[in-house]
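# Inside the fold
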Amino acid sequence: MSNTKSIEGMLLKAIGGLYFAETPLGILECKARGIFRKQNISPCAGDKVVITDISDTKGVVDKILPRKNSIIRPPLANLDYIVFVTSTCEPTPNLTLLDKFLAIAKYKDIKSIIAVTKLDLQKNAELIDIYKKSDAEFIEVDYDNPDSYMKLYDMISGKITAFTGNTGVGKSTLLNHIVKDLDLKTGEISQKLGRGRHTTRNVELFKIDNGGYIADTPGFSTFETQKYDIILKDELASCFPEFNEYEGKCRFLDCAHIKEKGCAVLEAVKSGEIPSSRHNSYVEMYEEAKLIKEWEIKK
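The present account deals with the structure reproduced in this document. (Residues numbered from 1 in each chain as written. Predicted model: local features only at pLDDT ≥ 70, side-chain atom pairs only at ≥ 80, totals over all residues. Heavy atoms only, no water.)

Moving on to the environment of D47. Among the secondary structure elements, D47 is positioned in the loop between α1 (34–38) and β4 (48–55). C-alpha separation for the pair D47 and G9, spaced 38 residues apart in sequence, amounts to 8.4 Å. Once residues lying within four places of it in the same chain are set aside, the contact partners of D47 are G9, M10, L11, S42, I64, R67, A77 and N78. A polar atom in the side chain of D47 sits 2.8 Å from the backbone nitrogen of C44. (Helix = DSSP H or I, 4+ residues; strand = E, 2+ residues; numbered from the N terminus. Contact = heavy atoms within 4.5 Å. Polar contact = N/O pair within 3.5 Å; in protein donor to acceptor, adjacent residues only side chain to side chain.)

Structure follows, in structure tokens:
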């Protein structure tokens, strides 16, 4: 290996200033060039990189190849899918947080999958109805029917996929069914707090036998949505696909779809064409975005 000048690879894990990259030569433990720190760039899991100074099983991350997308926290790059695991109950679905994450995924051009668990406790027809126009794929997870979760396994074949969800919804359980040897710790729900113990510490991509990679990420309750990314108010409506068919139909060209007269989106909410919970989430995100100045965002 010492004669190899450079090689391309993909980072699977970043921890304590060390980066573990999958390469044709195997897994290499790498340090990163100091130039990244000066440029305020941090290599992260999912990054396609060029590695130099290779010796035995070690090397140096010399270059980060262009990313098609990235999220801020947890730091992940080049995602194809985000799977949002939610339960029918215990804990009750937090639709506002789910809507915020779906908007971020749309903004970053990452495909969304909503995986619903605990169907034995409660039906999820209402959830399906709310999100039928959201562009998100819907998977009903029934552990008595392996075809239900293996459908998800097939969808993420050959892709880089992040799994996230409010603690206690059964995210780790779902991952353990899809990847038998993953052996993630599962946490019991705290009846007092209505949420479980956070059991995932480090973000790491795991290669699975369908050629894909999966990342288990912290639960919704552990960080603010804006840690993923920031959407400016003028770009927000395009992150809610239900609004698309009403584009250009409002009385005012600069309609914010909040409380304006002659707003086609508000009429659609009133008539039930757009679920009120989705619009409520949009309004909340819009009000948050109004406080952000474009010059404050580091590009």
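Grouped together as the largest cluster of nonpolar side chains are 28 residues, with contacts concentrated most on L76, L79, I114, Y131 and L205. Looking at this core, the elements that each hand over two or more residues are β1 (6–15), β8 (81–87), α2 (95–107), β9 (111–117), α3 (125–131), β11 (160–164) and β15 (213–216). Ranked by the residues each element gives to this core, the list is headed by α2, at six residues. Every residue in contact with I114, bar those within four places of it in the chain, is listed here: F84, T86, L98, L102, Y131, A136, E137, F138 and I139. Counting residues in each nonpolar core, the second largest holds 21 residues, with I104, I231, I258 and A268 among its members. (Core = buried A, V, L, I, M, F, W, Y, C linked by side-chain atoms within 4.5 Å. Buried < 20%, exposed > 50% of the residue type's maximum accessible area, 1.4 Å probe, protein only.)

Now for the pattern of salt bridges. Per the counting criterion, the structure on display carries 17 salt bridges. Each member of the salt-bridge network shares a partner with another, and the members are R33, D53 and D62. (Salt bridge = Lys/Arg side-chain N within 4 Å of Asp/Glu carboxyl O.)

Relative to the helices and strands, H257 is located in the loop between α6 (233–236) and α7 (264–271). With residues up to four places along the chain from it excluded, the contact list for H257 reads A237, F243, C250, C263, V265, L266, H279 and Y282.

Turning next to the environment of I128. Inspection of the secondary structure puts I128 in helix α3. Counting along the chain gives twelve residues from I128 to E140, while the straight-line C-alpha distance between them is 9.7 Å. Not counting chain neighbours up to four residues away, the residues in contact with I128 comprise F138 and E140.

What the rule picks out here adds up to six aromatic pairs. Judged by centre distance (6.3 Å) and plane angle (45°), the ring pair of F84 and F101 falls under tilted. Of the two residues, F84 sits in strand β8 while F101 sits in helix α2, which places them 17 residues apart along the sequence. According to the relative accessible area criterion, F84 is buried, its value standing at 1%. Ring geometry for Y282 versus Y286: centroids 5.9 Å apart, planes at 40°, classification tilted. With Y282 and Y286 both in helix α8 (residues 276–290), this residue pair falls four residues apart, about one helical turn. Of the two residues, Y282 and Y286, neither departs from the other in class, the shared state being buried. Put simply, the rings of F240, F243, Y282 and Y286 touch in pairs and so form one group of aromatic residues. (Phe/Tyr/Trp six-rings, centres within 6.5 Å; stacked < 30°, edge-to-face > 60°.)

So yeah, pure geometry; function would need other evidence.
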